[in-house]
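Examining the three-dimensional arrangement
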2 protein chains.
Amino acid sequence: MIKVKHIEQHFTESEFIGDVVIGIADGLTVPFALAAGLSGTVSNTSLVVIAGISEIAAGSIAMGLGGYLAARTNREHYLAEKEREYREIRELSHREKEEVAVFLREWGLKEKDVQSAVEDITSDDERWVNFMMKYELGLEEPKPERARNSSLTIGLSYIFGGFIPLSPYIFIGNADKSLIVSILITLTALFGFGWVKGKFTGTGALKSALQTALVGGLAAGFAFALAKLIS
Amino acid sequence: MIKVKHIEQHFTESEFIGDVVIGIADGLTVPFALAAGLSGTVSNTSLVVIAGISEIAAGSIAMGLGGYLAARTNREHYLAEKEREYREIRELSHREKEEVAVFLREWGLKEKDVQSAVEDITSDDERWVNFMMKYELGLEEPKPERARNSSLTIGLSYIFGGFIPLSPYIFIGNADKSLIVSILITLTALFGFGWVKGKFTGTGALKSALQTALVGGLAAGFAFALAKLIS
């Protein structure tokens, strides 16, 4: 119990910062690539800026609002399943007890231990239902505020991240110069935020930094080459 | 056991189609919004097409390659944790047994049943490690091909989805007419793919259809208004 509490606390402390970093790292990639692609075909940076801002608006709404609605629906789905599980343990308690026994046998419990463990677990309805939700259906209770806040934080951070590759096109008039400055600051930012993202997702900082920069760089290179090709 | 097998089978059959639908539904949104935003500021549709194709290239690479690399890293992380868990049950077997007991007590097992259940579970190293991975660390074994294929399928479907809102700009010369046709076919497609997406993610078809169309419509409306405002 102490362990679980500790993990939860650790999460709330750092999850917000983790969401910010993920949003920024994602937000850097597509606006960067789009701006690079367009800068190869137009001399006028104002169109690059308009396209970039349209993309940032669309991407952040798709991510933030889409994530928020998905989280709400997820929770409703969980509560409906839980309702059904309560009904099942009342109406089909024999079958549901047998399902608990099946899990315990899979974990290696000997037949003589299975029956008493089943009786222990099913002696309390709430505990029994939580057990079935987690192990029969594989569903964890979605924390409502957490999932919503997370989507909104990621969406807002996407906006912030998107303005990093776009800023040279806003402040420097020339498309070619803006492209070079945008590449330099964005690859540096992708590397940096990829590094911090690796720390938060536990995948290793250097690896995440290199992967984030690689994906952003390839996306921008491809977009640039394609735009040149068709213009 | 039969139940688990059944679920796995069900997944492989429909997961591919599910990924295609999710990729298409996501791919519709941002290119649709971007094209709508730009169409408000340029009379010439070729720039809308170039920007749209740049976005599709960037988005699909970010999604496909990004997802692929994340899946590979996830799996490495899982295997490293499993290695560590094997070491811990050898070197700190007493502490690890106590951790199993803590879980069993949380599920309501009485003290007299806990000890024999712990002995059952920890009598086989592989089962013990799998138990700890799943319940102490909350990690499921990532299926390597599955996660990679899923990212690539979603990335490729994103490309297909992105061309739906873009096609009027490619085939109709006029930006205003293209915008109207794009809105009609894209909202219809968002509704349709949202419907199927709801079936696959189990969130309810009509609700998912309305949400998908709403997010896409709002993103496009916002992008259009913003582009008009700054141009």
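All values reported here derive from a predicted model rather than from experimental measurement. (Residues numbered from 1 in each chain as written. Chains lettered and ligands numbered in written order. Predicted model: local features only at pLDDT ≥ 70, side-chain atom pairs only at ≥ 80, totals over all residues. Heavy atoms only, no water.)

Scanning chain A from terminus to terminus reveals eight helices and zero strands. Put simply, chain A runs from its N terminus to its C terminus through helices and strands in the order α-α-α-α-α-α-α-α. The C-alpha atoms of chain A give a radius of gyration of 25 Å, which is well past the 17 Å a tight globule of 231 residues would have. Dimensions of chain A along its principal axes, counting C-alpha atoms only, are 80 × 35 × 30 Å. A separation of at least 24 residues holds for 71% of the contacts in chain A among residues at least 6 apart in sequence. Only carbon and sulfur atoms are counted for the fraction: they give 63% of the accessible area of chain A, which is about 11100 Å². Of the side chains in chain A, 23 bear a positive and 28 a negative charge, and the two mean positions are spaced by 6 Å. (Helix = DSSP H or I, 4+ residues; strand = E, 2+ residues; numbered from the N terminus. Rg over C-alpha atoms; globule rule 2.2 N^0.38 Å. Contact = heavy atoms within 4.5 Å. Areas by Shrake-Rupley, 256 points an atom, 1.4 Å probe, with all protein chains shown as cover. Lys, Arg positive; Asp, Glu negative; His and termini not counted. Charge placed at Lys NZ, Arg CZ, Asp CG, Glu CD.)

Looking now at the interface of chain A and chain B. The interface is formed by 61 residues belonging to chain A together with 59 residues belonging to chain B. When chain A packs against chain B, the two sides together hide about 4900 Å² of surface, and 70% of this comes from carbon and sulfur. Sorting the residues of chain A by area buried against chain B places I50, W107 and D120 of chain A first, and these three jointly supply 12% of that buried surface. The partner of D120 of chain A in a salt bridge is K110 of chain B, with the nearest N and O atoms 3.1 Å apart. Taken together, the connections running from chain A to chain B amount to eight residue pairs in polar contact (both at pLDDT 80 or more). The element that contributes the greatest number of residues to the side of chain A that touches chain B is helix α2 (residues 45-91) of chain A, accounting for 19 residues. The class makeup of the residues in the side of chain A that touches chain B is 34 nonpolar, 14 polar and 13 charged. (Buried area = accessible area lost by both parts, 1.4 Å probe. Salt bridge = Lys/Arg side-chain N within 4 Å of Asp/Glu carboxyl O. Polar contact = N/O pair within 3.5 Å; in protein donor to acceptor, adjacent residues only side chain to side chain. Nonpolar A, V, L, I, M, F, W, Y, C, P; charged D, E, K, R; others polar.)

Next up on the list: the confidence of the model for chain A. Residue and element names in this part refer to chain A. Looking at chain A as a whole, its pLDDT mean stands at 83, while 94% of the residues score no less than 70. Taken element by element, the predicted model of chain A shows its lowest mean pLDDT in helix α1 (residues 2-39) (72) and its highest in helix α7 (residues 175-201) (90). Contacts of residues 1-11 to residues separated by more than four positions or lying in other chains number six contacts, the stretch itself having pLDDT below 50. If you check the scores for this complex, the pTM reads 0.81 and the ipTM reads 0.79. (pLDDT = per-residue confidence, 0-100.)

Scanning the model with the defined rule gives nine aromatic pairs over all chains in all. Centre to centre, the rings of W107 of chain A and W107 of chain B are 5.0 Å apart; their planes meet at 20°, and the pair counts as stacked. In this pair, W107 of chain A is assigned in the loop between α3 (93-106) and α4 (111-121) and W107 of chain B in the loop between α3 (93-106) and α4 (111-121), connecting two distinct chains. By relative accessible area, which is 9% here, W107 of chain A ends up buried. Their ring planes at 90° and their centres at 5.5 Å tell us that W107 of chain A and F131 of chain B sit as a pair that is edge-to-face. You can see W107 of chain A sitting in the loop between α3 and α4 and its partner F131 of chain B sitting in helix α5 (residues 125-135), one on each of two chains. (Phe/Tyr/Trp six-rings, centres within 6.5 Å; stacked < 30°, edge-to-face > 60°. Buried < 20%, exposed > 50% of the residue type's maximum accessible area, 1.4 Å probe, protein only.)

Attention shifts here to the side chain of T29 of chain B. Tracing the backbone through its elements, the reader meets T29 of chain B in helix α1 (residues 2-39). Other than its neighbours up to four places away in sequence, T29 of chain B contacts A62 of chain A together with L190, G216 and A219 of chain B.

The next point concerns α7 of chain A. Residue and element names in this part refer to chain A. Spanning 27 residues, α7 covers 36 Å between terminal C-alpha atoms, matching the ideal 39 Å at 1.5 Å per step. Along α7, the residues classified as buried are A175, S178, L179, S182, T186, A189, L190, G194 and G198. The N-capping residue of α7, defined by a side-chain oxygen 2.9 Å from the backbone nitrogen of D176, is N174. (Expected span 1.5 Å × (residues − 1).)

Moving on: the pattern of salt bridges. Evaluated as defined, the whole model comprises 24 salt bridges over all chains. Close ionic contact of E96 of chain A with R95 of chain A constitutes a salt bridge, the shortest N to O distance being 3.1 Å. When the shortest N-O distance is used, the salt bridge between R95 of chain B and E88 of chain B registers 3.5 Å. Judged by relative accessible area, which is 15%, E88 of chain B ranks as buried.

Residue and element names in this part refer to chain A. A grouping of I180, V181, L184 and I185 is seen on the molecular surface, where their side chains present a nonpolar patch of about 340 Å² in accessible area. Its place among the elements puts I185 in helix α7. With relative accessibility at 33%, the residue I185 sits in the partly exposed group. (Patch = residues over 30% accessible without salt bridge, like charges linked within 9 Å, V, L, I, M, F, W, Y side chains within 5 Å.)

Time to look at the environment of V114 of chain B. All names here are of chain B. Summarising the element assignment, V114 is placed in helix α4. Distance from V114 to A209, taken between C-alpha atoms, is 48 Å for residues 95 residues apart in sequence. Setting aside anything within four residues of it in sequence, one finds V114 in contact with A101, L104, R105 and L109.

Taking 1.5 Å per residue, 47 residues should reach 69 Å; helix α2 (residues 45-91) of chain B reaches 68 Å between its end C-alpha atoms and fits that length. Taking the backbone nitrogen of S46 of chain B as reference, a side-chain oxygen 2.7 Å away marks N44 of chain B as the first, capping residue of α2 of chain B.

Here two copies of a chain appear, and what relates them is a rotation about an axis with a shift along it. Overlaying chain A with chain B gives an RMSD of 0.1 Å, the required rotation being 180° about an axis along which the chain moves by 0.0 Å. Here the two chains are linked by the operation of a two-fold rotation axis. Interface overlap between copies: 97% of the residues of chain A at the interface are likewise at the interface in chain B, consistent with a symmetric, same-surface contact. (Least-squares fit on C-alpha atoms with pLDDT ≥ 70 in both.)

Considering soluble globular proteins, one finds that nonpolar side chains tend to be buried as a cluster. Formed by 62 residues in total, the largest nonpolar core has its most connected members in L38 of chain A together with L38 of chain B. Setting aside anything within four residues of it in sequence, one finds L38 of chain A in contact with L47, V48 and A51 of chain A together with L47, I50, A51 and S54 of chain B. Counting 36 residues, the second largest nonpolar core, distinct from the first, contains V100, V114, A117 and F131 of chain B. (Core = buried A, V, L, I, M, F, W, Y, C linked by side-chain atoms within 4.5 Å.)

Residue and element names in this part refer to chain B. Two elements in contact, α2 and α3, have axes whose closest approach is 5 Å; the angle formed by their N-to-C orientations is 110°. The pairing of α2 with α3 is recorded here as roughly perpendicular in orientation. Contact residues: E85, E88, I89, R90 and E91 in α2; S93, R95 and E96 in α3. When the residues that make up the contact of α2 with α3 are grouped by side-chain class, the tally is one nonpolar, one polar and six charged. (Axes fitted to C-alpha atoms, helices over the stretch in contact; angles between N-to-C directions. Parallel < 35°, antiparallel > 145°, perpendicular 65-115°, else oblique.)

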